[in-house]
Structures are given as structure tokens and as C-alpha cells.
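Observations on the three-dimensional arrangement
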Amino acid sequence: MYFSSSMMASANQMNSSSFLLTGFSGLEQQYHWISIPFSAIYAMVLLGNCLVLHVIWTEPSLHQPMFYFLAMLALTDLCMGLSTVHTVLGILWGLSQEVSLDACIAQSYFIHGLSFMESSVLLAMAFDHYIAICHPLRYSTILTHDKIMKIGMAILCRSTLLIPPVIICLKFLNYCRPHILSHSFCLHQDLLCLACSDIRFNSYYALMLVICTLLLDALLIFFSYVLILKSVLTIASQERHKSFQTCISHICAVLMFYIPIISLTMVHSFGKHLSPMVHVLMGNIYIFFPPLMNSIIYSVKTQQICSRMLKVFSLKMMPKDTISISNITVFMPSILTLIGIPGLQSVQCWIGIPLCAMYLIAMIGNSLLLIIIKLEHSLHEPMYIFLGLLGITDIALSTSIVPKMLGIFWFHVPEIYFDTCLLQMGLIHTFQGIESGILLAMALDRYVAICYPLRHAAIFTHQLVTQIGAAVTLRAAILVAPSPVLMKCRVQFYHTTVISHSYCEHMAIVKLAAENVQINKIYGLFVAFTIAGFDLTFITLSYIQIFLTVFRLPQKEARLKAFNTCIAHICVFLQFYLLAFFSFFTHRFGSRVPPYIHILFSTVYLLLPPFLNPLVYGAKTKQIRIYVVKMICS
């Protein structure tokens with residue numbers, strides 16, 4: 001059974017004309033956590049698309065066919081978000097899961113109608129690119145304002161007038177099966193699954209609609225790009241790259257729209273044996289992913305929109321007489337500039353994609369780890385409490401870096417207030433120190449569990465675990481805090497306000513100073529060696545004692561079992577310290593190494609552990625692995 005008995009009872013008690021939206025069945029206890037990313041997605045969808053519409057409306061240079069079609073796409077995405085927000089967040093916030101038949105039919109009409117409209121707009125944009133590249137001299141005469149208005153009206157009529165027959169039929173079907181819908185919004189195919197009436201007209205008409213709209217549009221878009229590619233290959237090689245660049249955003253939008261639809265169709269048609277969670281996940285990707293990503297992609301890749309957005313959100317820059325010029329020092333600058341990755345500025349927008357993916361996986365993985373540790377009582381042990389602390393630290397560390405980094409890479413917002421830069425520096429180094437301390441605590445836990453197993457419960461009490469967590473946090477915070485204070489209070493003159501980095505770190509800021517910063521450098525090294533040196537020494541000693549104890553065990557199975565309890569921690573410990581030492585030595589002794597190598601390695605050093613830690617512990621810890629499988633298969 002896919003649904004719980006309580007849900008079935010609720011469905012039986014409902015009015016015959018009402019339906020129950022399930023959302024994420026089996027995860028009801030976690031709805032307050034799940035609501036956070038969904039609320040953020042809705043906010044980004046609404047804000048991003050409204051911003052695109054505002055920029056196109058207020059910027060006269062964007063009053064061109066391409067941007068008119070983009071405004072239609074943004075308006076469609078905005079309406080898609082508004083058509084589902086009340087039911088999705090209503091379920092996750094615990095407001096209501098019940099929806100009337102009329103409201104459900106209306107939502108189904110809007111969802112499918114807006115999907116057809118988005119497909120039509122993407123076809124119109126493909127036609128625009130085809131004319132611009134294959135017939136550039138005739139572009140302005142073909143795509144006139146009058147022609148664009150007619151295309152817009154045709155898109156609206158096709159999307160709104162073809163659907164009513166199949167949607168109206170839903171009103172007159174007999175729904176004799178339990179009124180439980182498998183998503184947090186209403187879809188035509190979900191309602192048909194509950195009907196006992198003859199649904200052949202709905203099925204055939206819906207199939208005809210898909211063929212005449214989505215499939216036809218996809219084929220015409222593909223044909224347009226075949227002609228575009230053929231035309232581009234005939235022009236000079238220097239112009240090819242420029243022509244391809246104008247199409248990249250549209251190609252991404254097309255793929256993000258059609259791939260989720262195709263995947264959802266395949267899951268519904270051939271995935272009856274799959275977990276209901278897969279169906280729900282694909283449905284949510286189909287609804288949320290295109291509206292979320294379209295505004296981001298076009299804002300990043302379209303120079304006119306990006307520059308206009310910078311004007312909207314631009315910081316008030318310093319007066320001209322305080323800007324750093326060669327051989328002129330700057331007195332206590334209020335704003336610094338992060339240039340990102342020196343030498344790779346032209347491809348930073350692409351580098352941001354894997355970094356964003358790593359950040360999202362780190363956030364989801366560590367959040368899932370925290371939820372599992374909280375809910376699974378067998379994991380309320382010192383080892384997993386420390387793992388929970390590690391997950392919180394990883395989330396905080398990656399969040400203190402990635403948003404600003406993506407702001408530089410994607411939205412060309414390099415400015416950062418000096419005090420904010422010092423705050424970021426303090427947070428980064430504090431969370432690094434906390435992570436190192438937690439790894440030491442986990443090593444000590446393994447040492448006691450293997451060397452003194454009978455005394456483990458008596459030594460590692462909940463009180464001691466709490467004290468260790470507090471001590472690790474306070475140690476890092478107290479030792480790191482003087483670094484930004486020394487920069488703020490001691491240093492007043494700077495050679496430049498430009499930081500050759502993608503985030504604020506201690507040595508990058510110290511190098512800007514035009515005064516004697518020997519104390520700052522010495523204190524920075526003191527903190528690094530005090531935390532890393534102390535922790536690494538005791539972790540090494542712990543594992544030496546562990547290995548000596550394990551090798552004394554008489555049975556091979558016992559030795560393997562003891563080693564298995566340490567493998568995940570050893571992997572996490574090695575990846576953290578090896579990356580740290582590699583980054584340290586390339587900075588100190590890699591004078592011939594290009595600057596972008598330094599920046600890339602220091603970025604990987606900070607983002608890789610939060611990304612890998614939940615994957616390593618999820619793969620190697622049996623209890624966590626079993627709980628994840630339960631969540632997916634329930």
C-alpha cells in the first residue's frame with residue numbers, strides 16, 4: 001500500500017466532491033523541514049521572474065523581439081508558481097490537504113495550460129533565433145511589433161482553447177476510488193486514475209493534445225536548430241562562437257523544460273513498480289525546475305539583463321578620490337572587490353554550475369543526515385551526535401562561502417563591504433576550526449570504543465559530549481576572533497581594494513595592507529598551528545593506539561569489524577587534512593603555480609568536505625543507509 005491507513009480514513013471521511021493531496025507521503029513528520037527549501041524555491045521563482053519582467057519593462061534597449069518572448073516566458077513561469085503555491089505550501093505548513101473537485105480541476109487546467117504555453121513560447125524563441133542567425137538582414141522586417149503581438153495571441157489562444165474539452169469532462173466523471181491524489185497539486189492523469197467512468201475520450205484527447213503541442217513544438221525547435229547549426233557552420237570560425245553564445249540560454253531552457261516532462265511521462269507510463277516517492281519527486285521537478293532556473297540562466301547569460309540588474313542592486317561605490325590607483329594607498333576602505341578566479345573570469349559562469357551543484361548536494365545531504373540522526377533513536381550515540389555537529393558545521397561553512405561566490409560568478413556583483421568581508425573571513429576560519437575539533441572528538445570516540453569498549457558508555461556520557469561540543473566551538477571562536485579585530489583596528493592604509501580571490505580569507509586581506517602586518521601574519525600562523533597541529537597530533541596518536549589494539553585481536557573477523565567502524569572517519573579526516581595541507585603548501589611554496597590554481601584548490605578545499613562527508617557516512621554507516629532506504633521505499 002502506498003498510503004497510510006490514517007490517510008485512507010481521512011479520505012473516507014471527506015466530502016464526496018473533495019480530494020486529499022498527499023504531498024510527500026510517509027514524510028509528514030518532516031514537513032516543517034521540507035517546507036524551508038520549497039518556500040525558498042517559491043520566493044526565488046516569484047522574485048526572479050518579477051525582476052526579469054521589471055528589467056525588460058524599464059530598459060528601452062531590451063524592447064526587442066527576443067526580450068518580448070523572454071517576458072512571455074517569465075510571465076508563464078510566474079503564473080505556474082502562483083497556480084501551485086497555495087496547495088504545496090498549504091500542505092507543508094499544515095494548513096490544509098483537502099481540495100474541492102472544482103478547485104482541483106481549475107488548478108489542473110492552469111498547470112497543463114501553462115505547460116503548453118511555455119512550450120509555445122520556447123518555439124517562438126527558437127524561431128526568433130533562427131531568423132536572427134539565418135536571415136539577419138531581414139530580422140527587423142520579419143519580426144515586427146505587430147507580428148510579435150499576433151504570435152503572443154496565437155500562443156495564448158492555443159494554450160487556453162484546446163484544453164477545456166478534456167478538463168470539463170473531469171467534472172462529470174464518477175470518482176469511486178479513494179479520493180487521494182499522489183501529488184501536492186492536481187494533475188489530469190492523477191484524477192483519471194481515480195475515475196470509474198469511461199475515460200477513453202480524456203485519454204485519447206490528452207494524447208492528441210500532447211502530440212499537437214509538446215511533441216510538435218519539440219520537433220520544430222529541433223528542426224530550427226538543425227538549420228541554425230547548418231547556417232553557423234558556413235560562417236567564419238571567429239563568428240561561430242558568438243552565434244552559438246546567443247543560443248545557449250535558450251537551449252538550456254528547452255532542455256530543462258522537456259527533460260522533466262519526458263521523465264515524468266516515462267515514470268507514469270512504465271514506473272508503476274517504482275516507489276511513490278519517485279513519482280512525487282519527478283512531478284515536483286516538472287513543476288518547479290523550469291520556473292526556477294529560467295530566470296537564473298537568462299539573468300546570467302544575457303548581458304543586457306545582467307547589467308541592468310546590477311544597476312538595480314548595485315552598491316553605492318566609493319567616491320572617485322578614494323579609489324585605489326597605482327602607487328596610491330587607500331585609507332580605511334569601506335568596500336572591497338572580489339575578482340573571483342584570476343585568469344578565468346570569462347568562464348566563471350560555467351565554473352559556478354558544479355560549485356552550485358556541490359553546494360546543493362551538501363545542503364540536502366547534511367540536512368538529511370541531521371533529520372535521520374534526530375528521528376532514529378538507535379543513532380542517539382556519541383559518534384552520531386558528533387556526526388550531526390559535523391553536518392551543522394558543513395552547512396554553515398558552505399553557506400558562508402557559496403552565495404557570495406555565485407554572486408561574483410553569475411551576477412557580476414564583486415563588491416563586498418569591508419566589515420562584511422572581515423565577518424566572512426572570521427566565519428570561514430571559525431567553522432574550519434570547529435570541523436577540525438569535531439574530527440578530533442570523533443577520533444577520541446573511536447579510540448575509547450575500540451581500546452576500552454566496556455568503559456565507552458561510562459566515559460562518553462551525554463554531558464561529556466555536550467561539553468566537548470561547546471569546548472570545540474568556543475576554542476575556534478575565541479582563537480579566530482582576534483584576527484578580524486586586528487585587521488580592523490591596526491591596519492588603516494591599503495595598497496588596493498581588489499582581492500584576487502573568490503571569498504575573503506585571512507592572507508588575501510593581509511596582502512592588501514600598506515603597513516607592517518607582521519603581527520597579523522604571526523597570529524594567523526599561531527592559530528593555524530594551535531588548532532590544526534594540536535588536532536592532527538592527537539588524531540594520529542589515537543589511530544596509532546587503535547591500530548595497536550586492533551592488531552592484538554586474535555580473530556580476523558573481529559579486526560575487520562573494528563576497522564570498519566573507523567573507515568568513514570578516516571576518509572573524512574584524510575580528505576579534510578590532505579586538502580588543507582595541499583592548499584597551504586601551494587600558497588607558501590607554489591610561486592610558479594598560476595594564481596587560478598591556488599584559488600581553485602582553496603575553493604575545493606572548503607567545499608569538498610561538506611559535499612563528501614554525508615555521502616561517505618551515508619554509504620559506510622549501516623543504520624543511516626537503512627533509514628534512507630526506508631524513507632525512499634515507504
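Residues numbered from 1 in each chain as written. Predicted model: local features only at pLDDT ≥ 70, side-chain atom pairs only at ≥ 80, totals over all residues. Heavy atoms only, no water.

**Some thoughts on helix α15 (residues 402–411)**
- Counting buried positions along α15 yields eight of 10 residues, so the element is predominantly enclosed.
- Among the residues trailing α15, H412 stands out with phi positive, at a value near 55°. (Buried < 20%, exposed > 50% of the residue type's maximum accessible area, 1.4 Å probe, protein only. Helix = DSSP H or I, 4+ residues; strand = E, 2+ residues; numbered from the N terminus.)

**Section: the state of the cysteines**
- In this structure the tally under the stated criterion is three disulfides.
- Through a disulfide, C104 is tied to C186; the S-S separation comes to 2.0 Å. On the sign convention where negative is left-handed, the bridge of C104 and C186, at about -115° about the S-S bond, is left-handed. Linking C104 in helix α4 (residues 101–134) with C186 in the loop between β3 (180–181) and α8 (188–194), this pair joins segments that are 82 residues apart in sequence.
- Two residues, C176 and C196, share a disulfide whose sulfurs are 1.3 Å apart. Between C176 and C196 the sulfur-sulfur dihedral comes to about -45°; the bridge is accordingly left-handed. Of this pair, C176 sits in the loop between α7 (164–169) and β3 while C196 sits in the loop between α8 and α9 (200–232); the two residues are 20 residues apart in sequence, bridging distant segments of the chain.
- By relative accessible area, C176 is classed as partly exposed at 47%.
- Each bonded cysteine of the protein is numbered by sequence order, and under that numbering the disulfide pairs are 1-3, 2-4, 5-6.
- Unpaired in terms of disulfides, C566 finds its nearest cysteine sulfur in C451, a separation of 9.0 Å.
- On the basis of relative accessibility, which here comes to 1%, the residue C566 falls in the buried class. (Disulfide = S-S within 2.5 Å.)

**A look at the nonpolar core**
- Ranked by internal contacts, the top residues of the largest apolar core, which has 87 residues, are L387, F409, M442, I499, C504, I509 and I539.
- The element that contributes the greatest number of residues to this core is helix α16 (residues 418–451), accounting for 15 residues.
- Those residues in contact with F409, other than ones at most four positions away along the chain, are G340, I341, Q348, C349, I351, G352, L355 and S502.
- By size, the runner-up hydrophobic cluster in this structure holds 83 residues, among which are F69, L89, L101 and Y205. (Core = buried A, V, L, I, M, F, W, Y, C linked by side-chain atoms within 4.5 Å. Contact = heavy atoms within 4.5 Å.)

**Structural notes on the sheet that holds strand β6 (residues 415–417)**
- If you trace the three strands from one edge of the open sheet to the other, you get β6-β5-β8, paired in mixed fashion. Across the chains shown, the open sheet's two edge strands, defined by having one partner strand only, are β6 and β8 (498–499).
- Both strand β5 (residues 335–338) and β6 contribute to a ladder of three bridges, which runs antiparallel. Bridge pairing in β6 places L336 opposite I416.
- Sitting on the sheet, α16 is in contact with β5, β6 and β8, with an inclination near 85° to β6. (Pairing = 2+ DSSP bridges. Axes fitted to C-alpha atoms, helices over the stretch in contact; angles between N-to-C directions.)

**A look at the pairing of β5**
- With burial as the criterion, each face of β5 is covered, one bearing I335 and T337 and the other bearing L336 and L338.
- Sheet topology note: the β5/β8 ladder contains two bridges and is parallel. When the bridges of β8 are listed, L338 appears paired with I499.

**Some remarks on the packing of aromatic side chains**
- Under the counting rule described, the total for this entry stands at 16 aromatic pairs.
- Note on F257 and Y258: the rings are 5.0 Å apart at their centroids and 85° apart in plane angle, and the pair reads as edge-to-face. Here F257 matches Y258 in class, with each residue buried.
- Joined through ring pairs, the aromatic side chains of F573, F576, Y577 and Y605 make up one cluster. (Phe/Tyr/Trp six-rings, centres within 6.5 Å; stacked < 30°, edge-to-face > 60°.)

**So, unusual backbone geometry**
- Positioned with a positive phi, H412 is a non-glycine residue whose angle comes to about 55°.
- The partly exposed category is assigned to H412, whose relative accessible area is 42%.

**A closer look at the packing of helix α14 (residues 382–399) against α16**
- It is the contact of α14 with α16, at a shortest axis distance of 10 Å, that shows an interaxial angle of 165°. Considered as vectors, α14 and α16 are oriented roughly antiparallel to each other. The interaxial crossing formed by α14 with α16 has left-handed handedness. Contact residues: α14 offers P382, M383, F386, L387, L389, L390, T393, D394, A396 and L397, while α16 offers I428, F431, Q432, I434, E435, I438, A441, M442, D445 and R446.
- A breakdown of the residues in the contact of α14 with α16 according to their chemical character gives 14 nonpolar, two polar and four charged. (Parallel < 35°, antiparallel > 145°, perpendicular 65-115°, else oblique. Left-handed = near helix turned anticlockwise from the far one by under 90°. Nonpolar A, V, L, I, M, F, W, Y, C, P; charged D, E, K, R; others polar.)

**Side note on a nonpolar patch on the surface**
- On the surface, F534, F538, L541, I544 and L548 cluster together into a nonpolar patch covering about 440 Å² of accessible area.
- Locating F538 in the fold gives a position in helix α21 (residues 518–551).
- A relative accessible area of 37% places F538 in the partly exposed class. (Patch = residues over 30% accessible without salt bridge, like charges linked within 9 Å, V, L, I, M, F, W, Y side chains within 5 Å. Areas by Shrake-Rupley, 256 points an atom, 1.4 Å probe, with all protein chains shown as cover. Salt bridge = Lys/Arg side-chain N within 4 Å of Asp/Glu carboxyl O.)

**Considering the packing of α4 against helix α6 (residues 145–161)**
- One way to put it is that α4 packs onto α6 with a least axis distance of 8 Å and a crossing angle of 145°. Seen along the crossing, α4 lies across α6 with a hand that is right-handed. Taken together, the residues of α6 that come into contact with α4 (itself represented by Y109, G113, F116, M117, S120, V121 and A124) are I151, I155, L156, R158, S159 and T160.
- Class assignment for the residues of the contact of α4 with α6 results in eight nonpolar, four polar and one charged.

**Describing the sheet that holds β3**
- The three strands lie next to each other as β2-β1-β3, forming an open sheet whose pairing is mixed. The open sheet is flanked by β2 (98–100) and β3, the only strands paired with a single partner.
- Relative to β2, strand β1 (residues 18–21) runs antiparallel, the two sharing three bridges. In the strand pairing of β2, S18 is matched with S100.
- Lying on the sheet, α4 is in contact with β1, β2 and β3; it crosses β2 at an angle near 85°.

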